[in-house]
Amino acid sequence: MQQDEFQFLAAMLKKRSGLTLGEDKTYLIESRLLPIARGRGLETISQLCAKVRLQPDEALLSEITEAMTTNESSFFRDIKPYEHLRKSLLPSMMQACAARRHLRIWSAACSTGQEPYTVAMCLQEDSAKMPGWRFDIVASDLALKVIEKARAGIYSQFEAQRGLPIQLLIKYFTSLPDTSWQLKEPIRAMVQFKQQNLLEDYAALGKFDIIFCRNVLIYFDDDTKAQITDKMVRSLQPHGALIIGSTESLIDPKGQFAAVEEFRGAYRVK
């Protein structure tokens, strides 16, 4: 792949998804896009690049963009955000929303669904403490293919056991004949999946009490992070909380969030 071809593809991906790729990621583009090229009867990335330049149809652009997004996830990933949710966030949110007894939670960039389903299991486990409460969990991702997988709630043996306590696997999943596992319908029904680009407007999703946006900001440059932060705060209720990855940095030039001291990666709307 020539340098101008890399720059063209990198600029296209940044515009469509916010993904920032350095030239050290040339191998990543080649490994992920070569199957797409061959699937369209092309032999090289150069030929694919030429096709995109001459005939930039939306289906091909979407396929390329989805292939380059990272879809790494697991149940109860990093565990601490879910401990913070159950021990601190939910009790405080129940006080703030006592009049309406309704909480809305958004799992942004949810990948194959392990994060929102983990949230659903946490809520189910604590349901006895929250009688009469209603919960909406919205989960979104840029990639339509991973949303479809998430909506089905079917995971391989490895995916199901990765991070998931055995008692919850037995309680909330059904074993399928091919050794995979499917989440039981009541848990699947708790999550509404939508396709959403984080670079676009979120207004149609409504307001949320809690937003999980974990392990995705790391792929954006600071300007893009700041834009996402600004839109996230507009999507939160005044008492709302934002949870990002513990190794990520929140770019908040307007100072709209305050860090939660007891938990790294948690922020409250000021």
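So, here is what we can say about the structure in this document. (Residues numbered from 1 in each chain as written. Predicted model: local features only at pLDDT ≥ 70, side-chain atom pairs only at ≥ 80, totals over all residues. Heavy atoms only, no water.)

So, on to the sheet that holds strand S10 (residues 266-269). Pairing between the strands of a sheet is mediated by backbone hydrogen bonds and can be parallel or antiparallel. Spatially, S6-S2-S1-S7-S8-S10-S9 is the arrangement adopted by the seven strands of the open sheet, whose pairing is mixed. The sheet terminates laterally at strand S6 (191-195) and strand S9 (257-259), the two strands that pair on one side only. Strand-to-strand twist of the sheet, defined as the mean angle between neighbouring strand axes without regard to direction, takes the value 20°. With six bridges connecting them, strand S1 (residues 102-107) and strand S2 (residues 134-141) associate as parallel partners. What sits directly across from Ser 107, in S2, is Ala 139. (Pairing = 2+ DSSP bridges. Helix = DSSP H or I, 4+ residues; strand = E, 2+ residues; numbered from the N terminus. Axes fitted to C-alpha atoms, helices over the stretch in contact; angles between N-to-C directions.)

So, about the sheet that holds strand S5 (residues 181-183). Spatial ordering of the open sheet is given by S3-S5-S4, a layout of three strands whose pairing is antiparallel. Both edges of this open sheet fall to strand S3 (154-155) and strand S4 (173-175), since each of them pairs with a single strand only. By the bridge criterion, two bridges tie S3 to S5 in an arrangement that is antiparallel. Its bridge partner lying in S5, Ile 154 is registered against Gln 182.

Our next topic: the pairing of S1. Of all six residues that make up S1, six are buried, and the element is covered over most of its length. What joins S1 to S2 is helix H6 (residues 114-125), and the crossover it makes is right-handed. Pairing analysis gives three bridges linking S1 to strand S7 (residues 208-212), with the strands arranged parallel. Counterpart to Ile 105 in the pairing with S7 is Ile 210. (Buried < 20%, exposed > 50% of the residue type's maximum accessible area, 1.4 Å probe, protein only. Right-handed = clockwise from strand over helix to strand, strands pointing away.)

With that settled, the discussion passes to empty space enclosed by the protein. Counting across every chain of the model gives one cavity of 30 Å³ or more. Lining the largest cavity are Cys 213, Leu 217, Ile 228, Thr 229, Met 232, Leu 242, Ile 244 and Leu 250. The biggest single contributor to the lining of the largest cavity is helix H11 (residues 222-234), with three residues. Of the residues contributing to the lining of the largest cavity, the split by class is seven nonpolar, one polar and no charged. (1 Å grid on protein atoms, 1.4 Å probe; cavity = no way out; pocket = protein on both sides within 12 Å on 5 of 7 lines; lining within 4 Å. Points joined across faces, edges and corners; volume = space filled by probe spheres on them. Nonpolar A, V, L, I, M, F, W, Y, C, P; charged D, E, K, R; others polar.)

Turning our eyes to something else, we now look at the pattern of salt bridges. Applying the stated rule across the entire model yields 15 salt bridges. A salt bridge links Arg 53 to Asp 4, with the shortest nitrogen-to-oxygen separation between them at 3.8 Å. Of the two residues, Arg 53 is situated in helix H3 (residues 45-54) and Asp 4 in helix H1 (residues 3-17); the sequence distance between them amounts to 49 residues. By relative accessible area, which is 41% here, Arg 53 ends up partly exposed. Given the relative accessible area of 42%, Asp 4 is considered partly exposed. Measuring nitrogen to oxygen at the nearest pair gives 2.8 Å for the salt bridge that ties Arg 86 to Asp 126. (Salt bridge = Lys/Arg side-chain N within 4 Å of Asp/Glu carboxyl O.)

Looking at the secondary structure, you find Ser 73 in the loop between helix H4 (58-68) and helix H5 (80-96). You can call Ser 73 buried: its relative accessible area is 13%.

Summed over all chains, the structure comprises seven aromatic pairs. Both rings, one in Phe 75 and one in Phe 173, keep their centres 5.6 Å apart while their planes meet at 90°; by these two values the pair is edge-to-face. Taken as a pair, Phe 75 in the loop between H4 and H5 and Phe 173 in strand S4 lie far apart in primary sequence, 98 residues in all. Of the two residues examined, Phe 75 and Phe 173, each falls in the buried class. Between the aromatic rings of Trp 106 and Tyr 202, the centroid separation amounts to 5.1 Å while the plane-to-plane angle is 75°, which identifies the pairing as edge-to-face. On the criterion of sequence distance, the pair formed by Trp 106 in strand S1 and Tyr 202 in the loop between S6 and S7 is long-range, its members being 96 residues apart. Side by side, Trp 106 and Tyr 202 carry an identical accessibility label, which is buried. Put simply, the rings of Phe 75, Tyr 155 and Phe 173 pair up and form one aromatic cluster. When the ring centre of Phe 8 is taken as reference, the NZ or CZ atom of Arg 53 above it lies at 4.5 Å. For Arg 104, the ring lying beneath its charged end belongs to Phe 208, and the centroid distance is 4.4 Å. (Phe/Tyr/Trp six-rings, centres within 6.5 Å; stacked < 30°, edge-to-face > 60°. Lys NZ or Arg CZ within 6 Å of the ring centre and 35° of its normal.)

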